[in-house]
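Here is how the chains run, residue by residue.
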Amino acid sequence: MKIGILTSGGDCAGLNAVIRAIGLYCFENIPGVEIVGIPDGYGGLIRGDSFRMSESDLGDILDRGGTVLGTSRQPFKRMTVEENGESRLERMCENYKKMGLDCLFTLGGAGTHKTAALLSFEGCNVIGLPKTIDNDIYGTDVTFGFQTAVEVVTDSLDRIKTTVASHRRTMLVEIMGNKAGWLTLHSGIAAGADMILIPEMPIDVDAVCEFVSSGRRDKPYNIIAVAEGAILASEAAYKKSERAFARAYMGETTITRHLAEVIGEKTGTETRYTVLGYLQRGGTPCAYDRLLCTRLGGFAAKLAKEGRFGVTAAVVGGKITFNALSDIAGKYKLVDPKGPAVACAKSLGIGFGTK
Ligand code: F6P
């Protein structure tokens, strides 16, 4: 059996731990198996690049951040567009055959899964694995890389707190997550943020300012955790492209700086903002992710051995299982504004910038 592995989309901690688990399971349980790594995500498959991986490539990568295979973003909407008489999808299918693959593992986020579903419809034997710090893949309780990012962001918020408290300021901290606010919500609660602003709950600026002005009973400063995809209530009716245009006119891509300015002006509080950026994706996976990645990788490799393809590994109710790619592709798991985590935070007085 010959298997290929690729990592696609934004990197995160735990990708190498999954590669290792898939590889070790296969070497241990599938006699004569050959494993190839495909560099740079779907980019490598489009080009037809691969390299043989041996056990010695896997031995030392459990705790290494990023991906030893390299990754790239290949927009889904361009996959079926013809370029020089052939689409990227067609080229990938051809290269899958040329490489003689019996199975392809695609480690990636929601976009990666959409392309994986296309490859599967075209007859390639694909098994997905749910990666992203955004935790927004449909059909799984959790994605690998998420918990590590929660630890990193929580630690960053803890550190920011000491300077904010010393100056009695209001600080907006921008956290990754374009469509989904999971990372902002979980790390915000874990770090004791005063307000949490997420894409799923459009922001009423007056409500934010009232919250800041009224002050907390317990302390004279405010930490506001803002997801990079947070939107103003006044933007909620816009399409994504219209919003991007309006933001570009303001000279912004995210709302954080603008919001800090308005809060400062309207409330008279000394207000600052900071963007955590790519630090959130870096570093070694936490123990939770190492365990999750090892379980998911081993499970996915077992699916390959059993000949079960067109699926993606998932965690449902704490159990490792799988979903059909066709059932989850194109869907997102978003924060429910009426769900338990938001309800608990609200019950403690944490604001969400809504009236
Ligand atoms: O998909 C994870 C993610 O980190 C998002 O939270 C963020 O919006 C995006 O990737 C950034 O992507 P890029 O690495 O392409 O700038």
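Per an unreviewed UniProt entry, the recorded name for the protein is 6-phosphofructokinase, and the organism is Candidatus Protoclostridium stercorigallinarum. According to its UniProt record, the protein has this under Cofactor (unreviewed entry): "Mg(2+)". What UniProt records for the protein under Pathway (unreviewed entry) is the sentence "Carbohydrate degradation; glycolysis; D-glyceraldehyde 3-phosphate and glycerone phosphate from D-glucose: step 3/4."

1. Structural notes on the site of the ligand
Every residue close to the ligand is listed here: R73, I133, D134, M176, G177, N178, E228, Y278 and R281. A distance of 3.2 Å separates an oxygen atom of the ligand from a polar backbone atom of G177. Summarising the interface, the protein chains cover 74% of the accessible area of the ligand, which totals 400 Å² for the free molecule. Judged by the fraction of its atoms near the pocket grid, the ligand is located in the largest pocket.

2. What to know about helix α4 (residues 88-98)
Along α4, the residues classified as buried are R88, L89, M92, C93, N95 and Y96. Angular distribution of buried residues about the axis of α4 spans 165°; they occupy a single face of the element. For α4, the exposed residues set more than 90 degrees away from the buried face come down to K97 and K98. Where α4 is buried, its residues contact α2 (42-47), β4 (82-83), β5 (86-87), β6 (103-108) and α5 (110-121). At the exit of α4 stands G100, carrying a positive phi of roughly 70°.

3. Some remarks on the packing of helix α8 (residues 205-214) against helix α10 (residues 256-267)
Viewed as axis vectors pointing N to C, α8 and α10 meet at an angle of 55°, and their least axial separation amounts to 10 Å. Classed by the angle they form, the pair α8 and α10 counts as oblique. Regarding α8 and α10, the two cross each other, and that crossing is right-handed. Packed against α8, whose contacting residues are V205, D206, V208, C209, V212 and S213, the element α10 presents L259, V262, I263, K266 and T267 at the interface. Partitioning the contact of α8 with α10 into residue classes produces 7 nonpolar, 2 polar and 2 charged.

4. A closer look at the environment of K319
When you line up the elements, K319 lands in strand β13 (residues 319-324). Placed 179 residues apart in sequence, K319 and T140 show a C-alpha to C-alpha distance of 9.9 Å.

5. Some points on the sheet that holds strand β11 (residues 271-275)
Strand pairing within a sheet occurs via backbone hydrogen bonds; the two strands may be parallel or antiparallel. Strand order in the open sheet made by the 4 strands is β9-β10-β8-β11, with parallel pairing throughout. Strands at the two margins of the open sheet, each flanked by one partner only, are β9 (195-197) and β11. Within this sheet the neighbouring strands show an average axis-to-axis angle of 20°, counted without direction. Direction of pairing for strand β8 (residues 170-175) relative to β11: parallel, over a ladder of 5 bridges. Paired with L172 across the strands is Y273, a residue of β11. With respect to the sheet, helix α6 (residues 146-167) is in contact with β8, β10 (222-227) and β11, its orientation differing from that of β8 by roughly 160°. Contacting β8, β9 and β10, α8 crosses the sheet at an angle of about 160° to β10.

6. Quick notes on the nonpolar core
Membership of the largest hydrophobic core comes to 65 residues, with the highest contact counts inside it found for I22, F105, L107, L129, F144 and L183. If near-sequence neighbours (up to four positions away) are discounted, F105 is found in contact with I3, G4, I5, L6, I22, I127, L129, A300, A301 and A304. Grouped together as the second largest cluster of nonpolar side chains are 21 residues, L6, I38, M79 and C93 included.

7. Some words on helix α11 (residues 287-306)
Relative to the 28 Å expected for 20 residues at 1.5 Å per residue, α11 spans 29 Å between its end C-alpha atoms, a close match to the ideal helical length. Among all positions of α11, only D289, L292, C293, L296, G297, G298, A300, A301, L303 and A304 are buried. Two residues or fewer past α11, G307 is found with a positive phi of approximately 80°.

8. Describing the sheet that holds β13
Taken in spatial order, the 7 strands of this open sheet run β3-β2-β1-β6-β7-β12-β13, and their pairing is mixed. The open sheet has two edge strands with one neighbour each: β3 (51-53) and β13. Averaged over neighbouring strand pairs, the angle between their axes works out to 30° when direction is ignored.

9. Comments concerning the packing of aromatic side chains
Overall, the coordinates contain 0 aromatic pairs when judged by the stated rule. Against the face of Y221 rests K219, its NZ or CZ located 4.3 Å from the ring centre. The residue whose ring lies beneath K333 is W182, and the NZ or CZ to ring-centre distance is 5.4 Å.

10. Considering the pairing of strand β7 (residues 126-130)
Counting buried residues along β7, 5 of its 5 residues qualify, which places the element largely inside the surrounding structure. Alternating residues of β7 divide into V126, G128 and P130 and I127 and L129, and every residue in both groups is buried. Pairing of β6 with β7 involves 5 bridges; the strand directions are parallel. Pairing of T106 across the sheet is with G128, part of β7. In this sheet, strand β12 (residues 311-316) lies alongside β7 in parallel orientation, the contact comprising 2 bridges. Bridge pairing links I127 to V311 in β12.

Criteria and thresholds
- Residues numbered from 1 in each chain as written.
- Predicted model: local features only at pLDDT ≥ 70, side-chain atom pairs only at ≥ 80, totals over all residues.
- Heavy atoms only, no water.
- UniProt positions renumbered as here; feature names shortened; annotations may be inferred.
- Near = heavy atom within 4 Å.
- Polar contact = N/O pair within 3.5 Å; in protein donor to acceptor, adjacent residues only side chain to side chain.
- Areas by Shrake-Rupley, 256 points an atom, 1.4 Å probe, with all protein chains shown as cover.
- 1 Å grid on protein atoms, 1.4 Å probe; cavity = no way out; pocket = protein on both sides within 12 Å on 5 of 7 lines; lining within 4 Å.
- Sits in = over half its atoms within 2 Å of the grid points.
- Buried < 20%, exposed > 50% of the residue type's maximum accessible area, 1.4 Å probe, protein only.
- Helix = DSSP H or I, 4+ residues; strand = E, 2+ residues; numbered from the N terminus.
- Arc of directions from axis to C-beta.
- Contact = heavy atoms within 4.5 Å.
- Axes fitted to C-alpha atoms, helices over the stretch in contact; angles between N-to-C directions.
- Parallel < 35°, antiparallel > 145°, perpendicular 65-115°, else oblique.
- Left-handed = near helix turned anticlockwise from the far one by under 90°.
- Nonpolar A, V, L, I, M, F, W, Y, C, P; charged D, E, K, R; others polar.
- Pairing = 2+ DSSP bridges.
- Core = buried A, V, L, I, M, F, W, Y, C linked by side-chain atoms within 4.5 Å.
- Expected span 1.5 Å × (residues − 1).
- Phe/Tyr/Trp six-rings, centres within 6.5 Å; stacked < 30°, edge-to-face > 60°.
- Lys NZ or Arg CZ within 6 Å of the ring centre and 35° of its normal.

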